[in-house]
Structure formats: structure tokens, C-alpha cells
Amino acid sequence: MAGWEIPLGAAIAFAAGAIGTAWAQSRIGSAGAGTIAERPETSGSIIVLEAIPETLVILGFVVASMIIIMVE
Amino acid sequence: MLQKMKNILVVGPKKDYQQIVDVLYQEGTVHLQDIPFFLDDPVFSPMETGKTEEISNVLLKLHGIARILPGKAVEAEIERRNGELREKTTDVLLSDAKEMVHLLESKVRDLATRKGDLELTRTTLERYAKVMEKIQPLESRLPILEGFEVSVLLIQREYRDVLDLIRPQLKAITNNQFEFIAADLDDTTTAAITVFNKKYSQEVHSFLFSQNVNEVRVPEEYANMHLEEALSLIEKRKKDIAKEMEEIDRELGTLSEKWQTELAVYTRLLEDRLEELRSLNMFCQSDHTIMIKGWIPKKFLKKTRDALMEKFGNRVVMTEVPVPPEEMEKAPTYYDNPRIVKPFEFFMKLVSPPKYIEIDPSPLLALFFPIFFGIIVGDIGYGLCILGFGLAMKKKFQKVEWMQQLMNIMIISSFPTIFFGFLFGEFFGDFGEHIGLLHPVHFLGITWNRVEAMIPLLVLAIAIGVIHIFVGLSIGILNAYARHQKKHLCEKAGMMGVVLGIILLILTFVKVLPSFMMIVSAIILVAFLPLLVYGGGTMGVIEVMSTIGNILSYARIMAIGMASVILAMVANELGGAIGVVVAGIVIAVLLHALNIILAMFSPSLHSVRLHIVEFYSKFYEGGGTEYRPFGREKKTD
């Protein structure tokens, strides 16, 4: 039976990634919305830009899963 | 794949310039190029753009007339007439069009104005009739006197106190020669009718205006008569108006029948000629010849040459101009992909088109995108739903080009999704496994159950990343070779070697590879590091970290897929946990539907992102010119 440390560690890994992503996406999102309003033709690139910070939460998820699975 | 482009020069007699330009325009294959280098020679000068303004004006009028006339011309008829009239010179077309405008404009405009006026009158009468109907109950209390004027005021009920202020003022203005009756019309409006001597008319109206009261003035012809009588007169007038408008519509219909096709044909022809004239300043002329320079895709070369030959014989010559390699960089980019790759050009629009001598990555996008998508979604049920959705949307939005392209991508991507669904043993999450329909495949000593085989999947995702990034770097090497950029070439090759060395080193550390590989990887690192430093300097070395980061970024292929499986499992669990069967099914279906929508959006976005951010950064330069042939824009390709 694992102690409380392992799930807590996993939670911190995931939450930190999620918070980082949320912060970055909120800023890119608001700037992107402004850009699209001015130049609608840029919407394709803005959507891709918006997806870039998701790396953080995905890596957080990977680390969290690895903590749960691999730490005995 | 980019189509091979040829640089051409068309030379012909100046007297035929209009027909030459027209033939090229109708062919719609030549991407025009400025020819400033001829202009150094005083014999040559750019051609005048001519009567563009005049044509624009006539076109404006033609558009105006066509807009008023009802109905639309038949496309086949337009095509037929177009063929008949195409041979005419611009001047003849212009004078014909002017004559047509002269004949139609005043007539059509008159009819339109009359119709507009009648519509306005009808609306006004309807408004009066509405008010009159409302105030009819007050009429019995009102004296009708010759030489007196009636005015109706409408006031919102909550402001009816204003009437008490108006009454003494009116009394003062009219020297008590007035009548003022107020009554509530409905829940919100109060009407007041005032009758006063006509000689005070102006003062009364200006006073009412200054008080900002909504005054309804009865039109002259309906004043001084009973409301009932006025209402029936208005009704009669409305009927007359309807009849008159019908008559106008009939007249417009007749004109339309007679002229609509002609208008459409002349509009189209003149639009073409205008476009041709506007391009004239890209052509070059001497006293007796004209020259047109441009790029043409190799596969259209013969067709265009034949068209010129058929029309002008040997009088017009189209020659291929040899272009030095550095000039080729400026050639426009024309995607000429097989049908299965074509939809993926949609994603190429997110970045500027590749330069002509660069390698076009769209075929690779068409190969890797569906694989990434398939591994991420990896579910037979979802794959079938996405396939069905794609087909349905394609059928529904047949005219919307971007939707067609996007749905083609979805349809192509649904096949790997079904394949990987079979590998992972997933049919709506673990539903297939529950009912014993299928099980994860045991392959390479691993049971590919996505929830349990997380580490093998992570390794698979990273391995795909390594392959993808290495393909990118290899293309980078080819691009650098094509441009004879030695440093770039060394940088890309060095990067490949160093990253390979690092990967081998890691694999040796985790004991996947035997320990002697440590020496091999060290040799590779030592061999390639100088290349990297020579090609990219210190930044090149720092770039190694970012490339490793790029490779790790491919972990998302596993992670997003994992999230999708877990949500699918939650849908099944939640559906199963609810005691009522119907409610359970509804909840499971709703959650799966949500997951499918997410599955179409998120994996596409991340697959595109992996290409644009991670893959393209290894070789793509962009900044090319899109191939825009001189000709009428085609609606569908």
C-alpha cells in the first residue's frame, strides 16, 4: 500500500503543469482574440500558437502517471 | 510535391496584343512576372493600362442594372453567348455595353424608384391606418369643423402628465380656439387629439416639436373627413399600390427575360478585359512587338503553347527561358499533389508557402498526420463515428471547399484510427473488451492495452518523435545541399549525429544496449560535435537541447490518447453504475459523443502542431510565392 506521498507528488506534477499551461494559454488566448479581430486570416496560426503551451500539462501528466506507476 | 515550373517568354506582333492577352487569360496558366530588365533598353517600354476607368464605370452600371432586375441568367446560355462575343475587341464590347446601359439604365431606374416610392407610401399608410384604428373610439367626441386642423399625439402612458402641461400652452397659442381630448389607447400608449384653427398651425406644430412629443400628422388628403371614411380610402389606396407594384414587377420581369443573359455576358467579358488591361503594365512593348514573361507549370506548357499556335500560328512564339539556379528561388510554388495528399494542403496554409527549391513537406504531412491521429484516438468505435461524420458533413456542405478538405482529412485519418483501435483492443473504450468483442493485441512481447502498457506507449511515442525529427533534419540536409549552403548542411548533419549519440548513450545507461555501445556513442558524439559547432556555432550546441525537447514533446501522442481512453472508460463505468438501464445508456452515449468531438479536435490540433513546431523547424524556410495564374479565378479546382 503506497503512502500519501506518491499520489500527492503526482498531483503536484500534474497541477503545476496545468497551472502553467492555463496561465500561458490565457495570455495567448486574449492576445490571439485581439489579433483575429484585426486580421481574421491569422486564425490558423493563432490556434496552433494557442496549443503550444499544452506541452507543459502533457508532460505533467506523463510525469504524474510515471510517479504512480513506477514509484514502488 | 511541387510541380516543375518553366520560365517562358511570349513574343508576338503588337497589333494582336489584345487577342494574345485574351488567349493567355482564357488559358489561365501563366503566372505573370515583371520584366524590368528589358526596360533598360530604350526600345522597350511597359504597356499602357488604357481604358480601365471607363470599363470600371460601365461595369458599375451593369452591376447596378442586373441587381434591380429579378431572376438570374442561365449559366449554359451565358457560356454560349460568351463564346460568340469573345472575339470582339474591347472597344466594341465597351461601346455595345454602353449602348445597353443607355437603353436600360433610365428605364430600370425609373421603375425601381417608382417601386421604392410606392413601398414607402404603403408603409406610411399602414402606420397611419394603425393609429387611426386606435383613435377611432375617440372620434365621436370630436367636432369636425371647416378651417380647423386635427393633430394626433401619441404619448407613452407613464409620461401622460405632460398633457397637463401642454393643454394651457395650447390654450395660450390658439387663444382658446381649440379642443383637446385624451384617452388611453392600450396598456402603454395614450393618445391625445387636438383640433385647432389652421391659422395657428405653424406655432402649434413648432411648440409640439419643441416638447419632443410624438406627433402623427394626418396626410392632407385624409384630413377633414371621418376616420372610417379615411380608413376605407387608405385600404383602397393600398390595393391600388399593390396592383401598381405588380405591374412594375411584370415590366421588370419582361426586361429581365430579355436582357439578363446579355447583361451577365457583357459583365463577365468586361470583367475579364478589365483584369487583362490591369495586367498590361507587366507586359513590355516595342514599336511592333509585345513581350510577356512569366512562370508556367511544366504540365501546362504544351497546352498553352498549342492554344497560341492554333490561334496565331507562327506569329506568336512562346519560348522557354533558361533560368540560373539562384533565379529559380523566385519561381512560384504550385502544389501538384496526388488526390490523397491534396486535402493536407489545407494545413500548409497555416505557414507561408515553401520556396520553389525547398522540399515540399505536404506528402510527409499526409503520411504522418493520419498516423499520429490514429495512435492518439486509437478506437474502432470512434474511428467509425469519425468516418461517418466526415462522410455526412462532406455530403451536407458540398459547396464549402474548406469543409470538404477538412472532412477528407478526417476520413483519411479514421482508417489508422480503426487500425490502432484494433491493436489497442478498444471499441468505445473498454466496452468492446467487456462484451468480449475484441482484446488488445499481443505484439512484440507487449499487450497493447493503453492503460496498462503506458511505458511501452511512451517509448513508442518518443521513438516516433526521433524518426520524425530525423526525417526533418534529413530534409534540412537536402535543402541545404540544393542551395549549396555548406554550413547549414554541416549543422543539420552534426545535429543528427549528436542527437543520435545522446540517444545511444541514454539507451546504454538504462541497459537497453550492451555496455560497449558507450564507446560507440562517444565516438559518434566526438565525430559530429565539431560539424555542429562549425555549422551552427555555440547556438548550434544549445540547439541540441531544444531538439531533445522537441523529441520529448512527442510524448503527447501517448498522453492525449491516454486521456481519451480514460474518458471513454469513465463513460462506460458511469453508464454501467446507474441502476436505470435507459439513463445509463443515455449518459454513456452523451459522454462518448463529447469524447468523439474532443477526439476530432484535440488530436488534429496536436498533430498539426507537432508538424509545424517540431518538424518544420528542422528544415522549413517558407516565404515562397504562391502560384497565381493570370486568368479568371476558378471557383472549384
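Residues numbered from 1 in each chain as written. Chains lettered and ligands numbered in written order. Predicted model: local features only at pLDDT ≥ 70, side-chain atom pairs only at ≥ 80, totals over all residues. Heavy atoms only, no water.

## Some remarks on the overall build of chain A
Okay, so step 1: Check the secondary structure of chain A and you find three helices and zero strands.
Okay, so step 2: Starting at the N terminus, the α and β elements of chain A follow one another as α-α-α.
Okay, so step 3: Put simply, chain A has 72 residues, and 29% of those count as buried.
Okay, so step 4: Sequence separation of 24 or more characterises 77% of the internal contacts of chain A that already satisfy a separation of 6 or more.
Okay, so step 5: Looking at chain A as shown, the accessible area adds up to about 4500 Å², and 74% of this sits on carbon and sulfur atoms. (Helix = DSSP H or I, 4+ residues; strand = E, 2+ residues; numbered from the N terminus. Buried < 20%, exposed > 50% of the residue type's maximum accessible area, 1.4 Å probe, protein only. Contact = heavy atoms within 4.5 Å. Areas by Shrake-Rupley, 256 points an atom, 1.4 Å probe, with all protein chains shown as cover.)

## Some points on the overall build of chain B
Okay, so step 1: Scanning chain B from terminus to terminus reveals 19 helices and 12 strands.
Okay, so step 2: For chain B, the proportion of its 637 residues judged to be buried stands at 47%.
Okay, so step 3: A fraction of 81% describes how many contacts in chain B between residues 6 or more apart in sequence connect residues 24 or more apart.
Okay, so step 4: Carbon and sulfur atoms provide 61% of the accessible area of chain B, an area that totals close to 33400 Å².

## Here we look at the interface of chain A and chain B
Okay, so step 1: Opposite the 16 residues of chain A that make contact, chain B presents 18 residues.
Okay, so step 2: Of the roughly 1400 Å² buried at the junction of chain A and chain B (both faces included), carbon and sulfur atoms supply 84%.
Okay, so step 3: Of all residues in chain A, Val48, Ile58 and Phe61 of chain A bury the most surface against chain B, accounting for 33% of the area lost on that side.
Okay, so step 4: On inspection of chain A and its partner chain B, the count reaches zero residue pairs in polar contact (both at pLDDT 80 or more).
Okay, so step 5: Listing elements by their share of the side of chain A that touches chain B, those giving two or more residues are helix 2 (43–51) and helix 3 (54–70) of chain A.
Okay, so step 6: At 10 residues, the largest contribution of residues to the side of chain A that touches chain B is made by helix 3 of chain A.
Okay, so step 7: Each residue belonging to the side of chain A that touches chain B can be placed in one class, and the counts come to 11 nonpolar, four polar and one charged. (Buried area = accessible area lost by both parts, 1.4 Å probe. Polar contact = N/O pair within 3.5 Å; in protein donor to acceptor, adjacent residues only side chain to side chain. Nonpolar A, V, L, I, M, F, W, Y, C, P; charged D, E, K, R; others polar.)

## Comments concerning the packing of aromatic side chains
Residue and element names in this part refer to chain B.
Okay, so step 1: Under the definition given, this model contains 17 aromatic pairs over all chains.
Okay, so step 2: Look at tyrosine 25 and phenylalanine 630: their rings are 5.2 Å apart centre to centre, the planes differ by 75°, and that puts the pair in the edge-to-face class. Of this pair, tyrosine 25 sits in helix 1 (residues 17–27) while phenylalanine 630 sits in the segment after helix 19 (581–615), and the two are 605 residues apart along the sequence.
Okay, so step 3: A relative accessible area of 7% places phenylalanine 630 in the buried class.
Okay, so step 4: Ring centres 4.9 Å apart and planes at 25° place the aromatic pair tyrosine 616 and tyrosine 620 in the stacked group. Per residue, the accessibility class of tyrosine 616 equals that of tyrosine 620, and both read buried.
Okay, so step 5: Among the aromatic residues, ring-to-ring pairing joins Phe368, Phe372, Tyr554, Phe615, Tyr616, Phe619 and Tyr620 into one connected group. (Phe/Tyr/Trp six-rings, centres within 6.5 Å; stacked < 30°, edge-to-face > 60°.)

## Observations concerning a nonpolar patch on the surface
Residue and element names in this part refer to chain B.
Okay, so step 1: A cluster of nonpolar side chains, namely Ile506, Phe509, Val510, Val512, Met518, Ile519 and Ile523, defines an oily patch on the protein surface of about 700 Å² accessible area.
Okay, so step 2: Contributing elements (two or more residues each) for the nonpolar patch: helix 16 (486–509) and helix 17 (517–553).
Okay, so step 3: Residue contributions to the nonpolar patch peak at three residues, all from helix 17.
Okay, so step 4: Following the sequence through the fold, isoleucine 523 ends up in helix 17. (Patch = residues over 30% accessible without salt bridge, like charges linked within 9 Å, V, L, I, M, F, W, Y side chains within 5 Å. Salt bridge = Lys/Arg side-chain N within 4 Å of Asp/Glu carboxyl O.)

## What to know about the side chain of serine 414 of chain B
Residue and element names in this part refer to chain B.
Okay, so step 1: Residue position: serine 414 is located in helix 13 (residues 401–424).
Okay, so step 2: Residue serine 414 is classed as buried on the basis of its relative accessible area, which comes to 0%.
Okay, so step 3: Residues in contact with serine 414, not counting those within four places in the same chain, are Gly383, Ile386 and Leu387.

## Details of the packing of helix 3 of chain A against helix 15 (residues 454–482) of chain B
Okay, so step 1: The N-to-C vectors of helix 3 of chain A and helix 15 of chain B enclose an angle of 145°; their axes lie 11 Å apart at closest approach. Helix-helix and strand crossings are classified by hand; for helix 3 of chain A and helix 15 of chain B the assignment is left-handed. Two secondary-structure elements touch here, helix 3 of chain A through Val62, Ser65, Met66, Ile69 and Met70 of chain A and helix 15 of chain B through Met454, Ile455 and Leu458 of chain B.
Okay, so step 2: Taken together, the residues of the contact of helix 3 of chain A with helix 15 of chain B sort by class into seven nonpolar, one polar and no charged. (Axes fitted to C-alpha atoms, helices over the stretch in contact; angles between N-to-C directions. Left-handed = near helix turned anticlockwise from the far one by under 90°.)

## So, the nonpolar core
Residues and elements named next belong to chain B.
Okay, so step 1: Ile20, Leu62, Leu270 and Leu308 are the most contacted members of the largest nonpolar core, which totals 76 residues.
Okay, so step 2: Ranked by the residues each element gives to this core, the list is headed by helix 7 (residues 227–278), at 17 residues.
Okay, so step 3: Among all residues touching isoleucine 20, those that are not within four sequence positions of it are Val10, Gly12, Pro13, Ile290, Ile292, Leu308, Phe312 and Val316.
Okay, so step 4: Among the nonpolar cores identified, the runner-up in size contains 70 residues, and Val341, Ala366, Ala559 and Tyr620 belong to it. (Core = buried A, V, L, I, M, F, W, Y, C linked by side-chain atoms within 4.5 Å.)

## Notes on the packing of helix 18 (residues 556–577) of chain B against helix 19 of chain B
Residue and element names in this part refer to chain B.
Okay, so step 1: Orientation of helix 18 relative to helix 19, taken along the N-to-C sense of each, is 175°, at an axis distance of 8 Å. One way to sum up the angle between helix 18 and helix 19 is to call them roughly antiparallel. Contacts between helix 18 and helix 19 pair Arg556, Ile557, Ile560, Ser564, Leu567, Ala568, Ala571, Asn572, Leu574 and Gly575 from the former with Gly584, Ile587, Ala588, Leu591, His592, Asn595, Leu598, Ser602, His606, Arg609 and Leu610 from the latter.
Okay, so step 2: When grouped by side-chain class, the residues that make up the contact of helix 18 with helix 19 number 11 nonpolar, eight polar and two charged. (Parallel < 35°, antiparallel > 145°, perpendicular 65-115°, else oblique.)

## Details of the confidence of the model for chain B
Okay, so step 1: Within chain B, residue pLDDT values average 81, and 95% of them lie at 70 or more.
Okay, so step 2: Here the predicted complex carries an ipTM of 0.71, next to a pTM of 0.68. (pLDDT = per-residue confidence, 0-100.)

## Let's talk about unusual backbone geometry
Okay, so step 1: Not every positive phi belongs to a glycine, and asparagine 175 of chain B is a case in point at roughly 55°.
Okay, so step 2: By the secondary structure assignment, asparagine 175 of chain B is in the loop between helix 5 (162–173) and strand 5 (178–184).

## Remarks on the pairing of strand 9 (residues 289–297) of chain B
All names here are of chain B.
Okay, so step 1: The element strand 9 is largely enclosed, with a buried count of eight among its nine residues.
Okay, so step 2: Note: strand 1 (residues 5–13) against strand 9, nine bridges, orientation antiparallel. In the strand pairing of strand 9, glycine 12 is matched with isoleucine 290.
Okay, so step 3: Two elements, strand 8 (residues 284–285) and strand 9, share two bridges in a ladder whose sense is antiparallel. Within strand 9, the residue paired with cysteine 284 across the bridge is methionine 291. (Pairing = 2+ DSSP bridges.)

## Structural notes on helix 19 of chain B
Each full turn of the α-helix corresponds to 3.6 residues, which orients residues three or four apart in the same direction.
Okay, so step 1: Compared with an ideal rise of 1.5 Å per residue, which puts 35 residues at 51 Å, helix 19 of chain B spans 48 Å between its outermost C-alpha atoms and is within 8% of the ideal.
Okay, so step 2: In helix 19 of chain B, a bend of some 25° at alanine 599 of chain B exceeds every other bend along the element, and proline 603 of chain B, a proline, comes one to four places later. (Expected span 1.5 Å × (residues − 1). Bend = angle between axes of the 7 residues up to and from the residue.)

## Quick word on the environment of asparagine 214 of chain B
All names here are of chain B.
Okay, so step 1: Position of asparagine 214 among the secondary structure elements: in strand 7 (residues 214–217).
Okay, so step 2: C-alpha of asparagine 214 to C-alpha of valine 152: the two residues are 62 residues apart in sequence and 8.6 Å apart in space.
Okay, so step 3: Apart from the residues within four sequence positions on either side, asparagine 214 is in contact with Val152, Leu153 and Leu154.

## Some remarks on the pairing of strand 4 (residues 148–156) of chain B
All names here are of chain B.
Okay, so step 1: Within strand 4, seven of the nine residues are buried, which leaves the element mostly enclosed by the surrounding structure.
Okay, so step 2: Direction of pairing for strand 4 relative to strand 6 (residues 189–197): antiparallel, over a ladder of nine bridges. Bridging across to strand 6, isoleucine 155 finds its partner in threonine 190.

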